[in-house]
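Chain and residue survey
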Amino acid sequence: MIKPGWVVFGVLALLWTATASAQSGRWQDEAERRLSDIQERAESQLNDLAVQAELRAELESLMAVMAKVGSSRDEDLLIDLAATQRMLEIASADPESQAADWYRYLADESRLGRTLAFVFGENDKAIGVLRVLRELREEFGDTAVRSYPELVAALCVVHDEAELYSFRVNENRPRSAGPVALFRFFTENERRMLFGLQDVPAELLVFVVDATGDIEELEWALSQYQGDQAVGRLFHTIDYDTEHAELGRPKAVTRYGYTLPAISRLGGVCADQCHFAATVGKAIGVPTAYVSGVGGEVGHAWIGYLEAQGRNAAWNFNVGRYPEYQGVIGSVLDPQSGRNIGDDELGLTGRLANVSRDQRFEAAAWLDAAELLQNRVPAVDIGQSKSRTEPRVGLAGVLELAERALRMNPADRRGWAIVRTAVSDPLMPMADRTRWAQIIMRLCEEAGAEHFMVSMFEPMIESVEDPRARIETWDRVLSQVRTKKDLRARIRITQAKEYKRLDETNRAFTAYQDVIDSSLNDTRESRHAVAGAVGVLEEAGKHSEAARLLGRVLAMVERPGLASQFSSSSNYNFVRDLAVSYRMEHKVRIVGLE
């Protein structure tokens, strides 16, 4: 039997919940009303610069409300606000007083408009985006353009510069055929694309539509390699031009004419092998990337490509590279932003295979809100102050929103950048630091993203005041770095510098010595270790020991076998120059310099 008191309590609880729900709904209703008004004004008045500024400010203050009190139940309102804000930014860039027309187009073409709006980044040029979109609409019509929202969005953000997209491959610089020609090529060959065009997110298609070379080259590649699921292997099918690498003679393919068929026939060096495999991959619809890195002797290039793994997808950076460079950190030029990113960072985007379009949109919207909270943008009071929801504030609020976004889309690189900034705050509580350290380490272990992990931990560790705590934390990170020798070297060199600050020179020397013994010929980071170890001995006045060390290192370091223009910056030349300089300054004998 239910007691009367419990019945009364239950009724009161229901009334309280209903009241709270009604109160919490008031600000959402007002936000929707204001958003609708903003959208109507944008459709008719956006050509007015003053109106543009006014609407931007209103949208920003409404998004700031979402940042403070929005919940997962408000996702539709959140996405509407963020999409409107982003579309307004793009449309307002039109120089011919057609901003209102562009806004109406983006709003009416909801799927295309939102896809473009949410892939649009801070480094993209809105005026260039509109130029590409206009060219595509004029050439193919709105029906065709709306049929390929992800492809169109990728073309717009990659080809937003006034000049044709191009990419330097040593002495050659192949150029793109342009967005119109590429749209025609990819759509006419849609059924022949390995992953298709409809289900590949724009964030991955940017590594397809950055293809360079004439359309004839892409057609040749498609005819030769359609359906190849491991384009990285094509790297090894290109003959190596040893006369160029070892004797410095001009490359045969450069003299003949730099095209894919010519590379296939005449060969090249690693950069050309990579360009060939990567461009063929793009031509058959596979996201690929030209990756570069530096070993102990020379720079190197290899290919990264997306491959299917059951229902998942992942970037493969190992098949299309030489074994001796497997442990080298790679750098990739992001064709959208134009900045270099680590190959591990790119590798995270493979997780987009399991992220829906709506999840991508909502995650981006929450990150927009997180940035407003991070920048302390004031929120307009539309009744949320009467809500029982505790408003988010400061660092904790930013991280809450970032975590919400990353749970939806762990491939969102902007989300991790926000986290990286937040966790470097010295005021961050230790419990929160530990929690985020565990999240980062778990993610990176699953993705094999050692470089990305170290880049995330660096600012967090640097913000710790106690040098011994910094050293111990680096020990834990080091235990997770198993394949990248240059990363292990960087960490040990960082620890050596910390030991020097503590006046523990013996431990500093040991750390430097570890790097010399483990990776002298594998990474240029080892140069810092050689110089550091010599410096420790020099400061202690142990010049004979420094001379013996330099002699030992000279015997260990490999001599370059390539032409002088490639090997002048090798570790061997660095060590030899250091030894010559030390001998002259301290009048000591160094074995290996006779």
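Okay, so let's go over this structure.

Procedures and definitions
Residues numbered from 1 in each chain as written. Predicted model: local features only at pLDDT ≥ 70, side-chain atom pairs only at ≥ 80, totals over all residues. Heavy atoms only, no water. Helix = DSSP H or I, 4+ residues; strand = E, 2+ residues; numbered from the N terminus. Buried < 20%, exposed > 50% of the residue type's maximum accessible area, 1.4 Å probe, protein only. Contact = heavy atoms within 4.5 Å. Areas by Shrake-Rupley, 256 points an atom, 1.4 Å probe, with all protein chains shown as cover. Expected span 1.5 Å × (residues − 1). Polar contact = N/O pair within 3.5 Å; in protein donor to acceptor, adjacent residues only side chain to side chain. Pairing = 2+ DSSP bridges. Axes fitted to C-alpha atoms, helices over the stretch in contact; angles between N-to-C directions. Parallel < 35°, antiparallel > 145°, perpendicular 65-115°, else oblique. Left-handed = near helix turned anticlockwise from the far one by under 90°. Nonpolar A, V, L, I, M, F, W, Y, C, P; charged D, E, K, R; others polar. Patch = residues over 30% accessible without salt bridge, like charges linked within 9 Å, V, L, I, M, F, W, Y side chains within 5 Å. Salt bridge = Lys/Arg side-chain N within 4 Å of Asp/Glu carboxyl O. Lys, Arg positive; Asp, Glu negative; His and termini not counted. Charge placed at Lys NZ, Arg CZ, Asp CG, Glu CD.

Secondary structure assignment for the chain yields 27 helices and five strands. Dimensions of the chain along its principal axes, counting C-alpha atoms only, are 95 × 65 × 55 Å. A burial count over the chain gives 54% of its 594 residues as buried. For the chain, the share of sequence-separated contacts (at least 6 apart) that also reach a separation of at least 24 residues comes to 71%. Accessible surface computed for the chain: about 27000 Å², of which carbon and sulfur atoms make up 48%.

A rise of 1.5 Å per residue sets the reference length of helix α2 (residues 49–69), with its 21 residues, at 30 Å; its end C-alpha atoms lie 31 Å apart and thus fit the reference within 8%. Along α2, the positions that sit buried rather than exposed are V51, Q52, L55, L59, S61, L62, M63, A64, V65, M66, A67 and V69. Measuring from the backbone nitrogen of A50 back to the side-chain oxygen at the start of α2 gives 2.8 Å, which picks out D48 as the cap.

Attention now goes to the sheet that holds strand β1 (residues 288–294). Read from one edge of the open sheet, five strands run β3-β2-β1-β4-β5, paired in antiparallel fashion. In this open sheet, the two edge strands, each paired with only one partner strand, are β3 (312–316) and β5 (340–342). Neighbour-to-neighbour, the strand axes of this sheet turn through a mean angle of 30°, independent of strand direction. Pairing of β1 with strand β2 (residues 299–309) involves seven bridges; the strand directions are antiparallel. Paired with Y290 across the two strands is I303, which belongs to β2.

This next bit is on the packing of helix α4 (residues 99–108) against helix α6 (residues 126–146). It is at 14 Å that the axes of α4 and α6 come closest, and there the two elements cross at 50°. Relative to α6, the element α4 lies oblique. For α4 against α6, the interelement crossing comes out left-handed. When α4 is examined against α6, the residues W102, Y105 and L106 are found in contact with a partner set consisting of L130, L133, R134, R137, D142 and V145. Tallied by class, the residues present in the contact of α4 with α6 amount to six nonpolar, no polar and three charged.

So, on to a negative patch on the surface. Together, D29, E32, E75, D76 and D358 line one region of the surface with negative charge. Of all the elements in the fold, those that place two or more residues in the negative patch are α1 (4–45) and α3 (75–91). Summarising the element assignment, D76 is placed in helix α3. Classification of D76 by relative accessible area gives exposed; the value is 56%.

Before going further, it helps to spend a moment on the pattern of salt bridges. One pass over the structure, following the stated rule, counts 40 salt bridges. Between E150 and R360 there is a salt bridge, with its nearest N and O atoms 3.1 Å apart. Separated by 210 residues along the polypeptide, E150 in helix α7 (residues 149–158) and R360 in helix α16 (residues 357–374) bring together distant segments of the chain. Judged by relative accessible area, E150 falls into the buried class, the value being 2%.

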